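Structural characterization, general
The residues making up each chain are set out below.
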Amino acid sequence: MPVNGAETGLALGPNMLVFAAAAGLAVLASIGVVAFNNAIRSALCLVVNFFVLAVLYFTLNAEMLGVTQVVVYTGAIMVLFLFVIMLLNLGSKSLLEEKRDWKRPVGLGLGVALFALVGSQLLPVTMKLTTPTAQENFGSPQAIGRTLFTNYVFPFEAVSVLLLIGIVGSIVLAKRRI
């Protein structure tokens with residue numbers, strides 16, 4: 001039985017320890033997103049989760065994804081989430097009070113089913129641990145740009161048109177007088 005993964009190709013070096021610590025923190029932050037009753041605390045746990053996911057991307061040598069995670073999700077999306085939370089005043093108890101007789105058992109059942117599904121997919125992986133290899137420039141801005149503007153140019157342009165329509169629609173809705 002290998003002690004430090006010598007036979008399986010896994011080394012328990014500092015990169016693997018950072019990865020394991022970040023993965024544990026990501027799990028704790030995601031539990032905090034669901035567990036907190038306060039919407040602001042849940043959103044802040046989501047911010048922590050986004051930052052930890054960026055650290056995970058950096059440990060996997062996918063720097064472009066890590067930077068994108070911080071800039072797009074942690075920066076832009078979370079500002080939008082917090083703005084909507086503040087705008088809707090979700091901190092008041094009257095909006096959050098409702099009957100939840102059937103929601104908790106259904107949520108627990110779906111959580112157990114998801115846990116079983118993930119566990120069934122992880123068991124074969126733990127039987128044969130090998131170090132995965134990627135292409136030389138995998139995750140670099142050059143490789144992503146080349147793939148995005150050659151293989152996926154039509155979906156990229158379709159998404160840009162949809163975002164432009166969304167921006168124009170939000171401006172029209174904001175300018176409408178009631």
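Just so we're clear, the structure is a prediction, and the values are computed from it rather than from any experiment.

Thresholds applied
- Residues numbered from 1 in each chain as written.
- Predicted model: local features only at pLDDT ≥ 70, side-chain atom pairs only at ≥ 80, totals over all residues.
- Heavy atoms only, no water.
- Helix = DSSP H or I, 4+ residues; strand = E, 2+ residues; numbered from the N terminus.
- Buried < 20%, exposed > 50% of the residue type's maximum accessible area, 1.4 Å probe, protein only.
- Contact = heavy atoms within 4.5 Å.
- Areas by Shrake-Rupley, 256 points an atom, 1.4 Å probe, with all protein chains shown as cover.
- pLDDT = per-residue confidence, 0-100.
- Core = buried A, V, L, I, M, F, W, Y, C linked by side-chain atoms within 4.5 Å.
- Phe/Tyr/Trp six-rings, centres within 6.5 Å; stacked < 30°, edge-to-face > 60°.
- Patch = residues over 30% accessible without salt bridge, like charges linked within 9 Å, V, L, I, M, F, W, Y side chains within 5 Å.
- Salt bridge = Lys/Arg side-chain N within 4 Å of Asp/Glu carboxyl O.
- Axes fitted to C-alpha atoms, helices over the stretch in contact; angles between N-to-C directions.
- Parallel < 35°, antiparallel > 145°, perpendicular 65-115°, else oblique.
- Left-handed = near helix turned anticlockwise from the far one by under 90°.
- Nonpolar A, V, L, I, M, F, W, Y, C, P; charged D, E, K, R; others polar.
- Expected span 1.5 Å × (residues − 1).
- Bend = angle between axes of the 7 residues up to and from the residue.

Notes on the overall build of the protein chain
- Counting secondary structure elements, the protein chain contains seven helices and zero strands.
- Taken from N to C terminus, the helices and strands of the protein chain fall in the order α-α-α-α-α-α-α.
- For the protein chain, with 178 residues in total, the buried portion stands at 14%.
- Partitioning the contacts of the protein chain with sequence separation of at least 6, the portion at a separation of at least 24 is 51%.
- For the protein chain, the accessible area works out to roughly 14100 Å², and carbon and sulfur atoms hold 73% of it.

Quick look at the confidence of the model for the protein chain
- For the protein chain, mean pLDDT is 80; residues scoring 70 or higher make up 81% of the total.
- Every residue in residues 1-8 scores below 50 in pLDDT, and together they form nine contacts with partners more than four places removed in sequence or on other chains.

Quick look at the side chain of Gln69
- When you line up the elements, Gln69 lands in helix H3 (residues 63-88).
- Of the residues examined, Gln69 reaches a relative accessible area of 6% and is grouped as buried.
- Setting aside residues up to four positions removed in sequence, Gln69 forms contacts with Phe50, Leu53, Ala54, Tyr57 and Thr74.

What about the nonpolar core?
- Listed in full, the six residues of the largest apolar core are Ala43, Leu46, Val47, Phe50, Met78 and Ile85.
- Looking at this core, the elements with two or more residues in it are helix H2 (39-59) and H3.
- Per-element tally for this core: the top contributor is H2, with four residues.
- Dropping the residues within four chain positions of it, Met78 is found in contact with Ala43, Leu46, Val47, Phe50 and Tyr73.

Some thoughts on the packing of aromatic side chains
- Tallying each qualifying case throughout the model produces two aromatic pairs.
- When the ring of Phe149 is compared with that of Phe156, the centres are 4.9 Å apart and the planes differ by 80°; the resulting orientation is edge-to-face.
- A relative accessible area of 48% places Phe149 in the partly exposed class.

Focus: a nonpolar patch on the surface
- Taken together, the side chains of Leu80, Phe81, Phe83, Val84, Leu87 and Leu88 define a hydrophobic patch exposed on the protein surface, amounting to about 590 Å² of accessible area.
- Within the secondary structure, Leu80 is located in helix H3.
- Owing to a relative accessible area of 47%, Leu80 belongs among the partly exposed residues under this scheme.

Comments concerning the packing of helix H1 (residues 14-35) against H2
- Packing of H1 against H2 leaves a shortest axis separation of 8 Å and a crossing angle of 160°. The angle between H1 and H2 falls in the class roughly antiparallel. As for how H1 packs across H2, the hand of that crossing is left-handed. Where H1 abuts H2, its residues Asn15, Val18, Phe19, Ala22, Ala23, Leu25, Ala26, Ala29, Ser30, Gly32 and Val33 lie against Ser42, Cys45, Leu46, Val48, Asn49, Val52, Val55, Leu56 and Thr59.
- Classifying every residue of the contact of H1 with H2 by side-chain character gives 14 nonpolar, six polar and no charged.

Considerations on H3
- Between its terminal C-alpha atoms H3 stretches 36 Å, which fits the 38 Å expected from 26 residues at 1.5 Å a residue.
- The sharpest bend along H3 measures roughly 30° and falls at Met78.
- Buried residues of H3: Gly66, Gln69, Thr74, Met78 and Ile85, and no others.
- Where the residues of H3 are buried, they touch H2.

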